[in-house]
Amino acid sequence: MKITTEIKKEWAKVEELVDYKFVTEDLSTFYKDLDILDKDSTKKARKHFQPWLAILELGIVWMSVFHTFLREKSKEDKFKEDLSILSTLAGASCTHAVSIRRLCLSGLDSSARVVLRSLMESTQYFLVMLIDPEIRKGYKKLSEIEDLEYKHSYKFWRDHLTPKKINKVLQRIEQVRFSTRGEYIANLYKQIRELYMIIA
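The notes below deal with the structure included here. Starting from 1, residues in each chain are numbered consecutively following that chain's sequence as written. Only residues with pLDDT of at least 70 are given local features in this predicted model, and only at 80 or more are side-chain atom pairs given and counted; all residues enter the totals for whole chains, interfaces and linings. Side-chain metrics in this entry use all non-hydrogen atoms of the structure; hydrogen atoms and water are not considered.

## Digging into a nonpolar patch on the surface
Put simply, a patch holds well-exposed residues, over 30% relative accessible area, that have no salt bridge, with like charges counted together within 9 Å and Val, Leu, Ile, Met, Phe, Trp or Tyr side chains within 5 Å. Exposure was quantified through the Shrake-Rupley algorithm and a 1.4 Å probe, taking into account, for residues, occlusion by the shown protein chains and nothing else. Take a side-chain nitrogen of Lys or Arg and a carboxyl oxygen of Asp or Glu: if they are within 4 Å of each other, that pair is a salt bridge. On the surface, Phe30, Tyr31, Leu34 and Leu37 cluster together to form a nonpolar patch covering roughly 430 Å² of accessible area. Helix numbering and strand numbering both begin at the N terminus, where a helix is a DSSP run of H or I of at least 4 residues and a strand a DSSP run of E of at least 2. For phenylalanine 30, the location among the structural elements is in helix H2 (residues 20-48).

This is the structure in structure tokens:
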């Protein structure tokens, strides 16, 4: 006997026991209540989350424009090798940022913190690969292997993308950019550590 036939027989027994009309009506009311709560939460959040919400939305706009630029440029042969991975990571960051906005507006701050960790990770990977072509090439090579073994991906992560390794790269970026502002660097990394404590 085919498995689909057996499933249909069992499903027929379930249908005899369940009043689906009642269940559907009950769920419909529940979903409507959820929609009402979501709209109410969004309305309140738009008012009370300022100016942080506006700052986040401005960042999303900037990230979206940057991602679109990278995606279009990556279609050109002379940029494809370098920009395809960067475009993917920028797109992931955009997705995470939009998700955080939606979750915060719905009052789901705990879930938003989880996505924030992913946003920080994808953004940090992007910065590391933006300035280090060798890491970028290695990451792209791994992403193109269909039957990638765990030990190979783990070794690459351990050698280049652990939090400690990424932090060194980010420090190098900031030191070059703000070489004459030692106090600024110290304050910046103090804020970063505080942010890590918040989302930990």
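There is more to say, and it comes next.
## Observations concerning the nonpolar core
Note on terminology: a nonpolar core comprises buried Ala, Val, Leu, Ile, Met, Phe, Trp, Tyr and Cys residues joined through side-chain atoms within 4.5 Å. Burial classification: accessible surface area is computed with a 1.4 Å probe over protein chains only, and a residue below 20% of its type maximum counts as buried, one above 50% as exposed, and the rest as partly exposed. In terms of nonpolar packing, the biggest core is built from 17 residues, with Met129 and Leu161 touching the most fellow members. Of all the secondary-structure elements, those providing two or more residues to this core are helix H4 (77-105), helix H5 (109-131), helix H6 (133-143), helix H7 (150-161) and helix H8 (163-177). When residues in this core are grouped by element, the largest group, five residues, is from H4. With nine residues, the next largest nonpolar core counts Cys94, Leu103, Ala112 and Leu119 among its residues.

## Side note on the packing of aromatic side chains
Only the six-membered ring of Trp is used, alongside the rings of Phe and Tyr, when aromatic pairs are assigned; centres must lie within 6.5 Å, and planes under 30 degrees apart are stacked while those over 60 apart are edge-to-face, with the rest tilted. Summed over all chains, the structure comprises two aromatic pairs. An angle of 80° between the planes, with centres 5.7 Å apart, marks the rings of phenylalanine 66 and phenylalanine 126 as edge-to-face. You can see phenylalanine 66 sitting in helix H3 (residues 52-73) and its partner phenylalanine 126 sitting in helix H5, a full 60 residues away along the chain. Judged by relative accessible area, which is 25%, phenylalanine 66 ranks as partly exposed. Linked through ring pairs, Trp62, Phe66 and Phe126 together constitute an aromatic cluster.

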